[in-house]
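# Topology and contacts: notes
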There are 2 protein chains.
Amino acid sequence: MGKLYVVGFGPGGYEHMTDKCIRVIREADVVTGYTTYVDMLKEYFPEKTYLATPMMQEIKRCRMAVEEAVKGQTVAMVSSGDSGIYGMAGIIYQVAEEMGAEIEIETVPGVTAASAAASVLGAPLMHDFAVISLSDLMTPLDLIMKRVDCAGQGDLIVCLYNPKSKKRTGYVEQAAKILMSYRKKETPVGIVRNAGRKDERAQITTLEHLKDAEIDMFSVVLIGNSQTYVSGNRMITPRGYEV
Amino acid sequence: MGKLYVVGFGPGGYEHMTDKCIRVIREADVVTGYTTYVDMLKEYFPEKTYLATPMMQEIKRCRMAVEEAVKGQTVAMVSSGDSGIYGMAGIIYQVAEEMGAEIEIETVPGVTAASAAASVLGAPLMHDFAVISLSDLMTPLDLIMKRVDCAGQGDLIVCLYNPKSKKRTGYVEQAAKILMSYRKKETPVGIVRNAGRKDERAQITTLEHLKDAEIDMFSVVLIGNSQTYVSGNRMITPRGYEV
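Residues numbered from 1 in each chain as written. Chains lettered and ligands numbered in written order. Predicted model: local features only at pLDDT ≥ 70, side-chain atom pairs only at ≥ 80, totals over all residues. Heavy atoms only, no water.

This next bit is on the relation of the copies chain B and chain A. Of the two same-sequence chains, chain B is brought onto chain A (RMSD 0.0 Å, axial shift 0.0 Å) by a rotation of 180 degrees. Read as a symmetry element, the transformation amounts to a two-fold axis. A shared binding surface is used by both copies, with 100% of the interface residues of chain B retained as interface residues in chain A. (Least-squares fit on C-alpha atoms with pLDDT ≥ 70 in both. Contact = heavy atoms within 4.5 Å.)

All right, on to a nonpolar patch on the surface then. Residue and element names in this part refer to chain A. A cluster of nonpolar side chains, namely Met55, Met56, Leu137, Met138, Met217 and Phe218, defines an oily patch on the protein surface of about 620 Å² accessible area. By secondary structure assignment, the location of Met55 is in the loop between strand 3 (50-53) and helix 3 (58-70). Residue classification places Met55 among the partly exposed positions, given a relative accessible area of 41%. (Patch = residues over 30% accessible without salt bridge, like charges linked within 9 Å, V, L, I, M, F, W, Y side chains within 5 Å. Areas by Shrake-Rupley, 256 points an atom, 1.4 Å probe, with all protein chains shown as cover. Salt bridge = Lys/Arg side-chain N within 4 Å of Asp/Glu carboxyl O. Helix = DSSP H or I, 4+ residues; strand = E, 2+ residues; numbered from the N terminus. Buried < 20%, exposed > 50% of the residue type's maximum accessible area, 1.4 Å probe, protein only.)

Next up on the list: the sheet that holds strand 6 (residues 122-123) of chain A. Either a parallel or an antiparallel arrangement is found when strands of a sheet pair, and the pairing is made through backbone hydrogen bonds. Residue and element names in this part refer to chain A. Ordered by their spatial adjacency, 3 strands build an open sheet running 6-13-12, and the pairing between neighbours is mixed. Looking at which strands have only one partner, the edges of the open sheet turn out to be strand 6 and strand 12 (229-231). Bridge count between strand 6 and strand 13 (residues 234-236): 2 bridges; the pairing is parallel. Bridge pairing in strand 13 places Gly122 opposite Met235. (Pairing = 2+ DSSP bridges.)

The next point concerns the environment of Val172(B). Residues and elements named next belong to chain B. Tracing the backbone through its elements, the reader meets Val172 in helix 7 (residues 171-180). Val172 sits 43 residues away from Ile215 along the chain, and the two C-alpha atoms are 9.0 Å apart. Setting aside residues no more than four positions away along its own chain, Val172 makes contact with Leu134, Pro163, Lys164, Leu210 and Ile215.

Note that Ser115(A) resides in helix 5 (residues 113-121). For Ser115(A), a relative accessible area of 1% corresponds to the buried category. Within the structure, Ser115(A) has its side chain in polar contact with the side chain of Asp82(B) (distance 2.7 Å). Beyond its immediate sequence surroundings of up to four residues, Ser115(A) is in contact with Asp82(B), Ile85(B), Pro109(B) and Gly110(B). (Polar contact = N/O pair within 3.5 Å; in protein donor to acceptor, adjacent residues only side chain to side chain.)

The next subject is the sheet that holds strand 11 (residues 219-223) of chain B. Ordered by their spatial adjacency, 10 strands build an open sheet running 10(A)-9(A)-11(A)-8(A)-7(A)-7(B)-8(B)-11(B)-9(B)-10(B), and the pairing between neighbours is mixed. Taken across any chain shown, the strands that pair with only one partner, and hence form the sheet edges, are strand 10 (201-206) of chain A together with strand 10 (201-206) of chain B. Going across the sheet, the axis of each strand differs from the next one's by a mean of 15 degrees, ignoring polarity. With 5 bridges joining them, strand 7 (residues 129-133) of chain A and strand 8 (residues 157-161) of chain A adopt parallel strand pairing. Its bridge partner lying in strand 8 of chain A, Ile132(A) is registered against Leu160(A). Helix-sheet contacts for helix 6 (residues 141-153) of chain A involve strand 7 and strand 8 of chain A, and the interaxial angle to strand 7 of chain A is about 165 degrees. (Axes fitted to C-alpha atoms, helices over the stretch in contact; angles between N-to-C directions.)

With 48 residues, the main nonpolar core has Leu210(A), Ile223(A), Leu210(B) and Ile223(B) as its most contacted residues. Contact partners of Leu210(B), with chain neighbours within four places excluded, come to Val172(B), Ala176(B), Val189(B), Ile191(B), Thr205(B), Ile215(B), Val221(B) and Ile223(B). Counting residues in each nonpolar core, the second largest holds 36 residues, with Val192(A), Ile85(B), Ala116(B) and Ala195(B) among its members. (Core = buried A, V, L, I, M, F, W, Y, C linked by side-chain atoms within 4.5 Å.)

This part is about the pattern of salt bridges. Taken as a whole and assessed by the stated rule, the structure comprises 32 salt bridges over all chains. Across the salt bridge formed by Lys3(A) and Glu106(A), the nearest N and O atoms sit 2.8 Å from each other. On the criterion of sequence distance, the pair formed by Lys3(A) in strand 1 (residues 3-8) and Glu106(A) in strand 5 (residues 104-108) is long-range, its members being 103 residues apart. For Asp128(A), the salt bridge identified is with Arg147(B), shortest N-O distance 2.8 Å. Here Arg147(B) lies in helix 6 (residues 141-153) and Asp128(A) lies in the loop between strand 6 and strand 7, a pairing that spans two chains. Taking the relative accessible area as the measure of exposure, Asp128(A) reaches 0% and is therefore buried. Arg147(B) sits in the buried class, given a relative accessible area of 0%. One salt-bridge network, in which partners are shared between bridges, spans Lys3(A), Lys20(A), Arg23(A), Glu104(A), Glu106(A) and Glu15(B).

Residues and elements named next belong to chain B. Within strand 2 (residues 30-34), 5 of the 5 residues are buried, leaving the element largely enclosed by the surrounding structure. Looking at chain direction, strand 2 and strand 4 (residues 74-79) are connected through 3 bridges and run parallel. Counted as the bridge partner of Val30 is Val75 from strand 4. In terms of strand pairing, strand 2 meets strand 3 (residues 50-53) through 4 bridges, oriented parallel. What sits directly across from Thr32, in strand 3, is Leu51.

Right, here's the structure in full:
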């Protein structure tokens, strides 16, 4: 019986991979994943056998991975960040069940993009927060914006994943507008592009100016709560609320 | 000039530490942290010099760490999970500023408890979620429960940190009641105790029965959204919403 590991390798650099992630990739017969991720790993593990598929072919990739495991191979299905947060873990379980595959599946957690981005910005995630993806590929836009509104009501720090793509350019501004009905327009916002990778870049702006910030699909946006402040070039959310 | 690393070593086991976490601890002159965490690390790094303080003495611990760094030492200030999520990163920046300490501070992100717990349960965090601490030590209880309510309104998956302590025993039930006004009482709930540690234990129950579940301060509680289901012994939130 083969074994399928669903591995999150963290933001991208070798240093942020967990000991288990490194071991599982080293010992796997096959490493499979989205082409971009596979290319990132080839630098650190050049000797491995890779099976890559382009974006949007998640189901096909999962089937390939499960089939290899059924053949008795040890497979590492990789994705960046944590495989359990908007990752491949869910689809793998679903595909394996649908295929009636008798394989062992194990999820190897990793450092998610919110953690990586926060570590670059200072300490913005010291209090309750919401993680919301702005991708409306699988989620109605109304529901996404309702969630932003709820996070606003609850004074939750907001972490936006997939803030923009080539097609989706206005959602970040829409989210900022909603949050400004609950929070000051001066509320600090941190944007980190390629967090934890070689070409990492961070900027701190405000809710009001978020619409003018440079943001793309490799960025994560962290919006402070009512207590968040900037000191020096650090974005900090204090732990306590003044009661 | 000394350097102070604020290091999250993940859920606890060596295998979930990042490569950088391991390297920073190995190379530090002094490792400082809450006694329980230091005891966990002594098993893996027995040769280090440790400076431990009991719980509730966070400020004192931070001062000690900053003082060591001012002396020119390389200090690793450790905590479990991700140091940037309800961790020590914020207080360290605040204390260092207050002390006027000219030291370099770097946060090393780790695998947070939500990721560790999710990996044990299956794939519950495949969609938008809120992380909320039920500790009312520094946050008014009203605000905590308002946040739970907002998460309910927005159909966010809810991850509860610090669900119970010896003094706080009724808040989980209170949160479950609030969420049942938005979600079915059969909504799956996963509880993981000591996620990613040797004596890890997981159970899956429902919102209705959450009040009877065994939960303590070492547990994390993951409450599904309206789409979450249980298959076999796995808790899964599908990625897409049927539109």
